[in-house]
Amino acid sequence: DAGITQSPRHKVTETGTPVTLRCHQTENHRYMYWYRQDPGHGLRLIHYSYGVKDTDKGEVSDGYSVSRSKTEDFLLTLESATSSQTSVYFCAISPGQGRYEQYFGPGTRLTVT
Amino acid sequence: AQSVSQHNHHVILSEAASLELGCNYSYGGTVNLFWYVQYPGQHLQLLLKYFSGDPLVKGIKGFEAEFIKSKFSFNLRKPSVQWSDTAEYFCAVNPNNAGNMLTFGGGTRLMVKP
């Protein structure tokens, strides 16, 4: 498996609190992604990054922000968590340079009560 | 809208049965194609990929997939499934004009009965 870790792996938080999820890679891949996975919706892209400080929105970006200050770290922040953001969040990385496959981290299960 | 379709949402097979999972996409032009597997409670893992060349691609764990350009399809096959193949399978497409973005199908849940 690619060297990707996510932290925390599980989190329970209350509505209205801020939450930050971290994705860390040791592969030096250019691209990093945040997805959420929900029953009946498959995988949906939240935000992605194509380099340090270069990020863009995915299809479900409302309520989420990201930052990438180093190649290896990609942070996902829920500024004010809502129950609709209860989900499993996966980080993925991709090498770029003509390689398009993505490798996924172990996931973070987030519950907003 | 351009999309990736996996028409079989749930498949139940007995061990040793043959498997074929369908994947169709609606993008024109050149595409890169992938199959991922997600075992219960785990993350997605890359099974195989097609970029160019031989349209019959062999992946890990005995899986293979065939790209049929005229049918916009990339079906996943395995001659003889095992109980350990119980998982959800996702097809993904990277259109050549989409940078490093993947569009995923909705997934197919496979249950293999021992």
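This text follows the structure it describes.
Residues numbered from 1 in each chain as written. Chains lettered and ligands numbered in written order. Predicted model: local features only at pLDDT ≥ 70, side-chain atom pairs only at ≥ 80, totals over all residues. Heavy atoms only, no water.

### Remarks on unusual backbone geometry
Following Ser-7 of chain A, the chain continues into Pro-8 of chain A via a peptide bond in cis, with omega recorded as -10 degrees. Inspection of the secondary structure puts Pro-8 of chain A in the loop between β1 (4-7) and β2 (10-13). Residue Ala-16 of chain B is not a glycine yet carries a positive backbone phi of 80 degrees. Within the element layout of this structure, Ala-16 of chain B appears in the loop between β2 (10-14) and β3 (19-21). (Helix = DSSP H or I, 4+ residues; strand = E, 2+ residues; numbered from the N terminus.)

### Some thoughts on the pattern of salt bridges
Applying the stated criterion to the full structure yields 11 salt bridges over all chains. Here Lys-49 of chain B and Glu-101 of chain A are joined by a salt bridge, their closest N and O atoms 3.1 Å apart. With one member in each of two chains, Lys-49 of chain B in strand β6 (residues 44-50) and Glu-101 of chain A in the loop between β9 (87-94) and β10 (103-104) form a pair that bridges those chains. Classification of Lys-49 of chain B by relative accessible area gives partly exposed; the value is 33%. The salt bridge partner of Glu-64 of chain B is Arg-77 of chain B, with a shortest N-O separation of 3.5 Å. Of this pair, Glu-64 of chain B sits in strand β8 (residues 64-68) while Arg-77 of chain B sits in strand β9 (residues 73-78), and the two are 13 residues apart along the sequence. Under the relative-accessibility criterion, Glu-64 of chain B is labelled buried at 18%. The class of Arg-77 of chain B is partly exposed, set by a relative accessible area of 22%. One salt-bridge network, held together by shared partners, links Lys-58, Glu-64, Glu-66 and Arg-77 of chain B. (Salt bridge = Lys/Arg side-chain N within 4 Å of Asp/Glu carboxyl O. Buried < 20%, exposed > 50% of the residue type's maximum accessible area, 1.4 Å probe, protein only.)

### Digging into the side chain of Arg-44 of chain A
Residue and element names in this part refer to chain A. Structurally, Arg-44 is set in strand β5 (residues 42-51). Among the polar contacts made by the side chain of Arg-44, one reaches the side chain of Asp-38 at a distance of 2.9 Å. Non-local contacts of Arg-44, meaning those with residues more than four positions away in its chain, are made with Trp-34, Tyr-35, Arg-36, Asp-38, Glu-59 and Val-60. (Polar contact = N/O pair within 3.5 Å; in protein donor to acceptor, adjacent residues only side chain to side chain. Contact = heavy atoms within 4.5 Å.)

### Here we look at the nonpolar core
One recurring pattern in soluble globular proteins is that nonpolar side chains are buried together. With 29 residues, the main nonpolar core has Trp-35, Leu-48, Leu-76 and Tyr-89 of chain B as its most contacted residues. Where this core is concerned, the elements lending two or more residues are β2, β3, β5 (31-38), β6, β8, β9, β10 (87-95) and β12 (108-113) of chain B. Core analysis: the second largest hydrophobic core is formed by 20 residues, Tyr-33, Tyr-35, Leu-45 and Ala-92 of chain A among them. (Core = buried A, V, L, I, M, F, W, Y, C linked by side-chain atoms within 4.5 Å.)

### Quick notes on the side chain of Gln-102 of chain A
Take Gln-102 of chain A: it is sitting in the loop between β9 and β10. Among the polar contacts made by the side chain of Gln-102 of chain A, one reaches the side chain of Tyr-35 of chain A at a distance of 2.7 Å. Here Asn-100 of chain B takes part through its backbone oxygen, which lies 3.3 Å from a polar atom of the side chain of Gln-102 of chain A. Ignoring anything within four residues of it in the chain, the contact list for Gln-102 of chain A reads Tyr-33, Tyr-35, Ala-92, Ile-93 and Ser-94 of chain A together with Tyr-36, Asn-100, Met-101 and Leu-102 of chain B.

### Details of the interface of chain A and chain B
The interface is formed by 20 residues belonging to chain A together with 18 residues belonging to chain B. The contact between chain A and chain B buries some 1,600 Å² in all, and 59% of this surface belongs to carbon and sulfur atoms. Of all residues in chain A, Tyr-100, Glu-101 and Phe-104 of chain A bury the most surface against chain B, accounting for 37% of the area lost on that side. Where chain A meets chain B, there are seven residue pairs in polar contact (both at pLDDT 80 or more). The biggest single contributor to the side of chain A that touches chain B is strand β4 (residues 31-38) of chain A, with four residues. Here the residues of the side of chain A that touches chain B sort into 11 nonpolar, six polar and three charged. (Buried area = accessible area lost by both parts, 1.4 Å probe. Nonpolar A, V, L, I, M, F, W, Y, C, P; charged D, E, K, R; others polar.)

### Quick word on the environment of Leu-45 of chain A
Position of Leu-45 of chain A relative to the elements: it lies in strand β5. We classify Leu-45 of chain A as buried; its relative accessible area is 10%.

### Some details on the pairing of β9 of chain A
Residues and elements named next belong to chain A. Across the eight residues that make up β9, a large majority, eight, are buried. Neither face of β9 is left uncovered, since the one carrying Ser-87, Tyr-89, Cys-91 and Ile-93 and the one carrying Val-88, Phe-90, Ala-92 and Ser-94 both have all their residues buried. Summarising the sheet, β4 and β9 pair through seven bridges and their orientation is antiparallel. Residue pairing for β9: Arg-36 is matched across the bridge by Tyr-89. Alignment of β9 against strand β11 (residues 108-112), held across three bridges, turns out to be antiparallel. The partner of Val-88 across the bridge, within β11, is Arg-109. (Pairing = 2+ DSSP bridges.)

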